[in-house]
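If you want the building blocks of each chain, they are given just below.
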Amino acid sequence: MVHADSTRPVSARLSRRLGGMLLFALLLLFFAYPLLRFLGLPFWSTPLVASGGESWLNGLLVAVRNTVLLALAAAVLVAPLGAGLAWLLERRGSMLNHAIGAALWLIFLAPSYLLTTGWQIVFREPWLRHGLAASLFYSPLGIVALLAFKALPFAVFVVRPTWAGMGRELEEAMRVHALSAPRRLWLTARLALPAIAAGFVIAFIESVQEFGIPATLGAHLRLPILTYAIYERLSTSPLDFAGAARLSWVLVALAAGGALLHLGLHHRHSAVLVHGRARRAAPPAPTHGTRGLMLAAAGLLWVLGLLVPGAALVVSAAHGGDWAGDYRSLINSTGFAVLAASASLMLALTLARSANRPGNRLAIGIELFTLSNMAIPGLVLGAAYLMAFNNAWLPLYGTSVLLILGYTAGYTPMLTRLLQSPVAQIDRRLGEAARLHGLSWAARVIDIEAVLLAAPLVRGWLLAFGFVLFELPVSELLYPPGRTPLGVAIVRLNQTLEFHAAARLALSGLALTTAVVALAGVVTYLLLPIGARRSHA
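Residues numbered from 1 in each chain as written. Predicted model: local features only at pLDDT ≥ 70, side-chain atom pairs only at ≥ 80, totals over all residues. Heavy atoms only, no water.

Novice: Pulling in residues and values, what's your account of the packing of aromatic side chains?
Specialist: Aromatic rings considered in pairs are described by the distance between their centres and by the relative angle of their planes. All chains considered together, the criterion is met by 18 aromatic pairs. Measuring from ring centre to ring centre gives 5.3 Å for tryptophan 461 and phenylalanine 465, while their planes differ by 15°; the resulting arrangement is stacked. A residue pair is termed a helical-turn pair when its members lie 3 or 4 positions apart in one helix, as tryptophan 461 and phenylalanine 465 do in helix 21 (residues 454–469) at four residues. Neither residue differs from the other here; tryptophan 461 and phenylalanine 465 are each classed as buried. Taken together, the ring pairs in this structure connect Trp105, Phe108, Phe154, Phe157, Tyr411 and Phe467 into an aromatic cluster. (Phe/Tyr/Trp six-rings, centres within 6.5 Å; stacked < 30°, edge-to-face > 60°. Helix = DSSP H or I, 4+ residues; strand = E, 2+ residues; numbered from the N terminus. Buried < 20%, exposed > 50% of the residue type's maximum accessible area, 1.4 Å probe, protein only.)

What follows is the structure, given as structure tokens:
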């Protein structure tokens, strides 16, 4: 068998190898080098004992204890709720499924500090300020509730495929053998247990890495939490890079431990649910009791997760005469988001195509690169960039370039994962046939690949744009003087209790995001060939 590469001209094979080497060098320079330099700092800096180790260690233990307890509490809440919601979405057919699914996606996309700010505005009302609900909110229980809301979509997304994969024959077989309802429930739960455990682990990891809630509600409570403790060591004088690196090791170890537990559970307890005899059937309509549960779930998600904090932001924005919000930050972040989303998408597409190429040894490095993003929080990546590019031979710190590079390094792994499947579905012979018919490289890319990948590319760009526009941890550490990003400006206003201006700024950002999504949809629809519009509509 003749390998496809052997039929290519020598110049084409040489340029492909050079491209692979350049890609490898970029991964080393902008991902491996900063992290290794930052996380290696504790091994060659002043020993902990010699730098006031005992008090530092006590502070670390308090922050670790708080972080782990808060994350565990949120994960314990989220795992059964996520499994139950996923079951309702996959095993019962109702119009309420759309309401629940839409609420979960909106909570997933909304920045956590906006959710916190909305509820803080609610509890500033005089008739609520001194009540029991406000006391509970301004306590660790409030942080747990907010962490649980933000982690819930992840748990649902993880468990849904398991419920979807269970065919009707399992339930029918249990009924034929006359198993009691509790016994049937237990056997079904056992099959879903690995997925529920994975949901628990994912919720724990997301809660451990969360920065927006500790930077707002946690800062008000003065509760030591790992992510905010790292930020404090890098933002207050004197800077403590070694201390931040030690804390980052703990954070990475917690996240990596959770990721390894997730992989172990998956390999040890996963079951084959989709097979040749599996029968997919439309989910039955819910009973009256189940419909009541679904209505309650949809109501709680929409009211507590979206409508109440959203309405609080709108009402607060409409009141107050102070127009002190830093609206220039909106312009700054829009520019950063356009550039970073475009760079991330181009790099992710290149990586996805390289990973999909048979026999490419770079595929293993790309796989590690995308997986490692799960264990490296954005705050640690930002801290690594701050140290790695703040020297004489790479003096990028304090420039917009470094901030955009930080965003790109943070979101490229996610986009690569997003694009790997669509890229793998394109038959390589399409390009070879086009080349045999004399189509130029540009024509092959624009008229064939761009059309086939238009939908995932647009979705990926919009996802990256939305995340970068409201991004907080990397922005806090790397933004250049005079170019404050949107997330930093909103949190600054929150911390100084200027909620009216924070609400106006947040709503302006949300309105801009909505306008960009609508504009991108219209432009993509108009640019696509008529035959491809229906499939991407």
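Novice: A description of the pattern of salt bridges should follow, citing residues and the corresponding values.
Specialist: This model, assessed by the stated rule, comprises three salt bridges. Of the charged contacts in the structure, one is a salt bridge between aspartate 240 and arginine 233, with a shortest N-O distance of 3.9 Å. Judged by its relative accessible area of 26%, aspartate 240 is partly exposed. With a relative accessible area of 21%, arginine 233 lands in the partly exposed category. Of the charged contacts, one joins glutamate 476 and arginine 492 as a salt bridge, the two residues approaching to 3.2 Å between their closest N and O atoms. Of this pair, glutamate 476 sits in helix 22 (residues 473–478) while arginine 492 sits in helix 23 (residues 486–495), and the two are 16 residues apart along the sequence. Exposure remark for arginine 492: the relative accessible area of 32% places this residue in the partly exposed category. (Salt bridge = Lys/Arg side-chain N within 4 Å of Asp/Glu carboxyl O.)

Novice: An account of the environment of leucine 472 is needed here, citing residue identities and associated values.
Specialist: Mapping leucine 472 onto the fold places it in the loop between helix 21 and helix 22. Leave out the neighbours within four places in its chain, and leucine 472 touches Tyr113, Phe211, Gly212, Ala215, Gly487, Val488 and Val491. (Contact = heavy atoms within 4.5 Å.)

Novice: An account of the nonpolar core is needed here, citing residue identities and associated values.
Specialist: Grouped together as the largest cluster of nonpolar side chains are 139 residues, with contacts concentrated most on Phe38, Ile100, Leu301 and Ile490. With 15 residues, the top contributor of residues to this core is helix 3 (residues 53–91). Beyond its immediate stretch of four places on either side in the chain, phenylalanine 38 contacts Phe241, Ala244, Ala245, Ser248, Val380, Ala383, Ala384 and Met387. (Core = buried A, V, L, I, M, F, W, Y, C linked by side-chain atoms within 4.5 Å.)

Novice: Lay out the packing of helix 5 (residues 112–122) against helix 11 (residues 212–221) with the relevant residues and their values.
Specialist: Contact geometry of helix 5 with helix 11 gives a least axis separation of 7 Å together with a crossing angle of 30°. The pairing of helix 5 with helix 11 is recorded here as roughly parallel in orientation. The interaxial crossing formed by helix 5 with helix 11 has right-handed handedness. Mapping the contact onto sequence places Ser112, Tyr113, Thr116 and Gln120 in helix 5 and Gly212, Ile213, Thr216, Leu217 and His220 in helix 11. (Axes fitted to C-alpha atoms, helices over the stretch in contact; angles between N-to-C directions. Parallel < 35°, antiparallel > 145°, perpendicular 65-115°, else oblique. Left-handed = near helix turned anticlockwise from the far one by under 90°.)

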